[in-house]
Amino acid sequence: MDIYSKIDELYDKRREVELGGGDERIQKQYERGKLTARDRINYLLDEDSFVELNPFMEHRTTDFGMDKVEAHGEGVVTGYGKINGRPVYLFAQDFTVFGGALGEMHAKKIANVMDLAAKSGAPFIGLNDSGGARIQEGVGSLDGYGQIFYRNSIYSGVIPQISVIMGPSAGGAVYSPAITDVIIMVEKTSKMFITGPKVIETVTGEQISAEDLGGAHVHNTKSGNAHLSAKTEEEALDYVKQLLSYLPDSNEHKPPVMEYEKKEDDHYRSELLEIVPYDTTRPYDIKKVVNEIVDEGSFFEIHKDFAKNIVVGFARINGQSVGLICNQPKYMAGGIDIDSSDKASRFIRFCDSFNVPLITFEDVTGFFPGIKQEHGGIIRHGAKILYAYSEATVPKITVIVRKAFGGAYVALNSKSIGADLVFAWPNSEIAVMGPEGAANIIFAREIAESDHPEATRQAKIDEYKEKFANPYIAAGLGMVDDVIDPRETRVKLMQSLEMLYNKHEERPKKKHGNIPL
C-alpha cells in the first residue's frame with residue numbers, strides 16, 4: 001500500500017461521513033420538508049468558506065448497544081466559515097444520524113467549536129435538529145448537555161450566540177437555545193418543549209398536539225421563548241445573516257457601520273406630524289414613526305408577535321447600528337406589563353453586551369394596572385427595565401414622543417437612571433400621572449362641590465395640562481436636554497450618535513449584579 005492508497009482511503013471515509021445516515025434517511029429528511037445539516041451550512045455560509053472540524057470523531061462502543069451502531073460524524077457537523085466575509089463558528093445537528101440525538105462525543109464536538117469561537121472572538125450559531133439525549137449512553141449524554149450549557153452561560157455577552165430550531169428540540173436540549181441571545185424557529189417543523197405531549201398526558205391527563213404545545217407560533221406569541229419565526233428554513237437562515245449585520249464579532253468590537261447615501265429629506269421628516277395625533281387619546285403605530293426616522297429599510301424587528309405593547313429591534317441611523325425600544329400605543333395604550341418588561345429588559349441587555357447604542361421612543365401611560373399584573377409580579381418584572389437601563393453603558397438616547405407618566409417615565413431611560421440625552425417633542429406630556437387622573441385627585445373637593453362637576457372637572461384637566469403636562473418644566477430642571485421640532489428628530493439622533501460614538505463609561509467593580517429575575 002502506498003500514500004495514494006491512503007489518500008483514497010481518506011476520501012472514502014470523508015464521503016461516508018458526509019452521507020450521514022445514508023441516502024434513504026436523507027430522502028426522508030427532504031420528505032419532511034427539511035434540509036440536511038450540510039445543506040443548511042452551505043446555504044448559510046459564503047460559498048466554499050466552510051471548514052469542517054472533527055469529522056471522524058466517534059462514540060465509545062462500550063455503552064449499551066452502541067457497538068452495533070454506526071453514527072457517522074456523531075450526528076453533528078461542526079466547523080467554521082464566513083457570512084458576508086465575516087468569520088463565524090457553528091454546529092448543525094444531523095437528524096439522519098441517530099435522530100440528531102446528543103451523546104458524549106456529539107457534545108464534545110460542539111464544546112470544542114464553542115471554545116474556538118470564544119477564543120477567536122467570533123459569533124457562534126447552533127442549527128438544532130435533535131430528538132434529545134442519546135439514551136444508550138446514559139448519564140454521559142447528560143454530562144454532554146452540561147458541558148454545552150456551561151459554555152453558553154460563560155460565553156454569554158462575550159460573543160453573539162444564535163440558535164435556529166430546525167426540527168425537534170426536546171427535554172434538556174431546549175436549555176442551550178434558551179441561554180443564547182436569539183432563538184429563530186421554523187413554522188410547522190420546529191418544536192420546543194421540556195416534556196412532550198405523551199408525557200404530559202400521562203402525568204396530568206392533558207391532551208395536546210406537539211405543534212400546539214411547542215410549535216413556532218406558540219413560542220413567538222405566547223411564551224416569548226422564540227424571537228423570530230420563519231416560514232421556511234431558508235428564511236430562518238436569512239434571518240441569521242440579517243441579524244449578524246447589526247452586531248459586532250464580539251464584545252470587544254463595535255458593530256459594523258454601513259455606507260449610507262444621504263438623501264435630500266434626511267434632515268426633515270414632515271410626515272411625522274401626520275403620523276402622531278395631537279390628541280393624546282388617539283392611538284397610532286409607533287413603527288411608522290420608526291421607519292420615518294431610521295435609514296430606509298433598515299428596521300429589523302425582534303419579538304414582534306410577543307408583548308406587542310412594546311416594540312424592540314435593530315435599525316441603522318446614518319449607517320450606524322442601533323437598538324430600538326418603543327412603546328406601542330396601538331396595544332394597551334403603550335402601557336408596560338409583565339411580558340413587555342421582560343421583552344424590553346432582555347433586549348436592552350443584549351444590545352449593551354455588544355456595544356449597540358440604545359434609542360428609546362417613549363409614549364407611555366404607565367405600568368399596566370390590575371390584580372393579575374400585581375399578583376404576577378409586575379413590581380419585580382418592571383424593575384428589570386430600570387435595572388437594565390441603569391446597568392447599560394452604551395450611548396443611551398430617549399425621544400419622548402407624546403406621554404411620559406409616572407414610574408414608567410423614570411424606567412424608560414430617563415436622565416435620572418443614566419440617559420445621555422433626552423429629547424421631547426413640544427406636544428409631549430411629562431408628569432407624575434395623566435392630567436385626567438391628576439385633576440381627579442388634586443381638585444377632588446372643588447369638582448364634588450361644583451354645581452357643574454363635569455364642566456369643572458374638564459376645566460381643571462385643561463388647567464393641569466397647561467401648567468404641568470408639558471415638556472418645559474422637565475426641560476427647566478435639566479431632565480430633558482432639548483425640546484425639538486418632531487420633523488428634525490432624525491438629524492438630532494444622527495448628531496447625537498456621532499457625538500457619543502466614543503463614549504466610555506465604567507461601573508463599580510463587582511463580580512456581577514443581582515438583576516430581579
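Residues numbered from 1 in each chain as written. Predicted model: local features only at pLDDT ≥ 70, side-chain atom pairs only at ≥ 80, totals over all residues. Heavy atoms only, no water.

For the chain, an unreviewed UniProt entry supplies the name Acyl-CoA carboxylase subunit beta and the organism Candidatus Pseudogracilibacillus intestinigallinarum.

(A) Highlighting helix H4 (residues 104–120). Here H4 spans 24 Å end to end across 17 residues, near enough to the 24 Å set by a 1.5 Å rise per residue. For H4, the complete set of buried residues consists of Met-105, His-106, Ala-107, Lys-109, Ile-110, Ala-111, Val-113, Met-114, Asp-115, Ala-117 and Ala-118. The inward-facing, buried residues of H4 contact strand S1 (51–53), strand S2 (76–83), strand S3 (86–93), strand S4 (124–130), helix H5 (139–154) and strand S5 (161–170). Trailing H4 by a residue or two, Gly-121 shows a phi angle of about 65 degrees, which is positive. (Helix = DSSP H or I, 4+ residues; strand = E, 2+ residues; numbered from the N terminus. Expected span 1.5 Å × (residues − 1). Buried < 20%, exposed > 50% of the residue type's maximum accessible area, 1.4 Å probe, protein only. Contact = heavy atoms within 4.5 Å.)

(B) Main features of a positive patch on the surface. A contiguous patch of positive charge on the surface is contributed by Lys-231, Lys-288, Lys-304, Lys-308 and Lys-330. Take Lys-308: it is sitting in the loop between strand S9 (300–302) and strand S10 (310–317). (Patch = residues over 30% accessible without salt bridge, like charges linked within 9 Å, V, L, I, M, F, W, Y side chains within 5 Å. Areas by Shrake-Rupley, 256 points an atom, 1.4 Å probe, with all protein chains shown as cover. Salt bridge = Lys/Arg side-chain N within 4 Å of Asp/Glu carboxyl O. Lys, Arg positive; Asp, Glu negative; His and termini not counted. Charge placed at Lys NZ, Arg CZ, Asp CG, Glu CD.)

(C) Examining a nonpolar patch on the surface more closely. On the surface, Ile-3, Tyr-4, Ile-7 and Tyr-11 cluster together into a nonpolar patch covering about 450 Å² of accessible area. On the secondary structure map, Ile-7 appears in helix H1 (residues 3–19).

(D) Region of interest: the nonpolar core. In this structure, Ile-125, Leu-127, Ile-184, Val-240, Phe-314 and Ile-325 are the most contacted members of the largest nonpolar core, which totals 52 residues. The element contributing the most residues to this core is helix H10 (residues 233–244), with 6 residues. Look past the residues within four positions of Leu-127 in its chain and what remains in contact with it is Arg-40, Ile-41, Leu-90, Phe-91, Ala-92, Gln-93, Val-164, Met-166 and Leu-237. (Core = buried A, V, L, I, M, F, W, Y, C linked by side-chain atoms within 4.5 Å.)

(E) Region of interest: the pattern of salt bridges. Using the criterion set out here, one finds 23 salt bridges in the structure. The shortest N-O distance in the salt bridge between Arg-490 and Asp-295 comes to 3.0 Å. Of the two residues, Arg-490 sits in helix H21 (residues 489–499) while Asp-295 sits in the loop between helix H12 (286–293) and S9, which places them 195 residues apart along the sequence. Given the relative accessible area of 0%, Arg-490 is considered buried. One continuous salt-bridge network, built from bridges that share partners, spans Lys-34, Arg-40, Asp-129 and Glu-233.

(F) Local environment of the pairing of strand S14 (residues 421–424). Alternating residues of S14 divide into Leu-421 and Phe-423 and Val-422 and Ala-424, and every residue in both groups is buried. Regarding the hand of the β-α-β motif, the stretch spanning strand S13 (residues 396–405), helix H16 (residues 406–411) and S14 is right-handed. Across 2 bridges, the pairing between S14 and strand S16 (residues 482–483) is parallel. The partner of Phe-423 across the bridge, within S16, is Asp-482. (Right-handed = clockwise from strand over helix to strand, strands pointing away. Pairing = 2+ DSSP bridges.)

(G) Representation of the packing of aromatic side chains. Tallied over the entire structure, the rule returns 10 aromatic pairs. When the ring of Tyr-239 is compared with that of Phe-300, the centres are 6.0 Å apart and the planes differ by 35 degrees; the resulting orientation is tilted. Within this pair, whereas Tyr-239 is found in helix H10, its partner Phe-300 is found in strand S9, the two being separated by 61 residues in sequence. Each member of the pair, Tyr-239 as well as Phe-300, is classed as buried. Three or more aromatic residues joined by ring pairs form one cluster here, namely Tyr-239, Tyr-246, Phe-300, Phe-314, Phe-347, Phe-350 and Phe-354. Over the face of the ring belonging to Phe-95 we find Lys-34, whose NZ or CZ atom lies 4.2 Å from the ring centre. Positioned above the aromatic ring of Tyr-246, the side-chain terminus of Arg-316 is 4.1 Å from the ring centre. (Phe/Tyr/Trp six-rings, centres within 6.5 Å; stacked < 30°, edge-to-face > 60°. Lys NZ or Arg CZ within 6 Å of the ring centre and 35° of its normal.)

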